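# Architecture at a glance
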Amino acid sequence: MIRTTLGLLVGAVAAALVLFGCGHVALALQPLPSDADMQSLQAITRYLHAAPAKATACLVAGAGLAALVGGWMAALIARPHRGGVALAIGAALTVTVLVIATLVPQPEWMPVLAMLLPIPLALCAWRLATPRMEM
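I will try to describe carefully the structure that is included in this document. (Residues numbered from 1 in each chain as written. Predicted model: local features only at pLDDT ≥ 70, side-chain atom pairs only at ≥ 80, totals over all residues. Heavy atoms only, no water.)

In this section: the nonpolar core. If you look at the biggest cluster of nonpolar residues, it comprises 14 residues, and the most contacted ones within it are Ala-15, Ala-66, Ile-89 and Leu-93. If you list the elements that add at least two residues to this core, you get helix H1 (2-29), helix H3 (53-77) and helix H4 (82-103). Among the elements that make up this core, the one with the highest residue count is H3 (5 residues). Among residues more than four places away in sequence, those in contact with Leu-93 are Ala-15, Leu-19, Ala-63, Ala-66, Ala-67 and Pro-118. In terms of nonpolar packing, the next biggest core, distinct from the first, is built from 8 residues, Tyr-47, Leu-48, Met-110 and Ala-114 among them. (Core = buried A, V, L, I, M, F, W, Y, C linked by side-chain atoms within 4.5 Å. Buried < 20%, exposed > 50% of the residue type's maximum accessible area, 1.4 Å probe, protein only. Helix = DSSP H or I, 4+ residues; strand = E, 2+ residues; numbered from the N terminus. Contact = heavy atoms within 4.5 Å.)

So this is what it looks like as structure tokens:
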């Protein structure tokens, strides 16, 4: 029980850090305008629609990479419940993508692709974290 909870916590933090890092890479590829006020949804929407495809693809790939890294770390720690914690991280990221897609208007392909990535990559993370002797 403690390992499972710790695995979920560490996996969630790792996933959040990966998302944060991918956001910074996207900002490096397409810097914010100097007059941008990112407190408003209109400014975020304008940024997402004006950003080049490689910057927005970095944001989408961040959801998948966060599921892979977060799910892998969670599954490594939570030995008895490897699959459950990896899938919990993937499901949480899928819900996060859905909430963001609901709140922030963005190009149509972004939320669709970002919703499809977390669960399969969380399953890959589960497989990567399982030792060969257990397969």
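On we go.
Right, let's get into the packing of H3 against helix H5 (residues 109-116). Axis separation between H3 and H5 bottoms out at 8 Å; the angle between their running directions is 25°. Comparing their axes, H5 and H3 come out roughly parallel. Judged by the sense of rotation from one axis to the other, the crossing of H3 with H5 is right-handed. Two secondary-structure elements touch here, H3 through Thr-56, Ala-57, Leu-59, Val-60 and Ala-63 and H5 through Trp-109, Met-110, Leu-113 and Ala-114. Partitioning the contact of H3 with H5 into residue classes produces 8 nonpolar, 1 polar and no charged. (Axes fitted to C-alpha atoms, helices over the stretch in contact; angles between N-to-C directions. Parallel < 35°, antiparallel > 145°, perpendicular 65-115°, else oblique. Left-handed = near helix turned anticlockwise from the far one by under 90°. Nonpolar A, V, L, I, M, F, W, Y, C, P; charged D, E, K, R; others polar.)

Glancing now at the layout of surface pockets. By volume, the largest pocket is sized at about 620 Å³. Around the largest pocket, the lining is made up of 25 residues, and of these Gly-23, Leu-48, Leu-59, Ile-100 and Met-110 lie nearest the centre. Elements supplying a minimum of two residues to the lining of the largest pocket: H1, helix H2 (41-50), H3, H4 and H5. For the lining of the largest pocket, the leading source of residues is H1, giving 7 residues. Across the lining of the largest pocket, the residue classes tally to 21 nonpolar, 4 polar and no charged. (1 Å grid on protein atoms, 1.4 Å probe; cavity = no way out; pocket = protein on both sides within 12 Å on 5 of 7 lines; lining within 4 Å. Points joined across faces, edges and corners; volume = space filled by probe spheres on them.)

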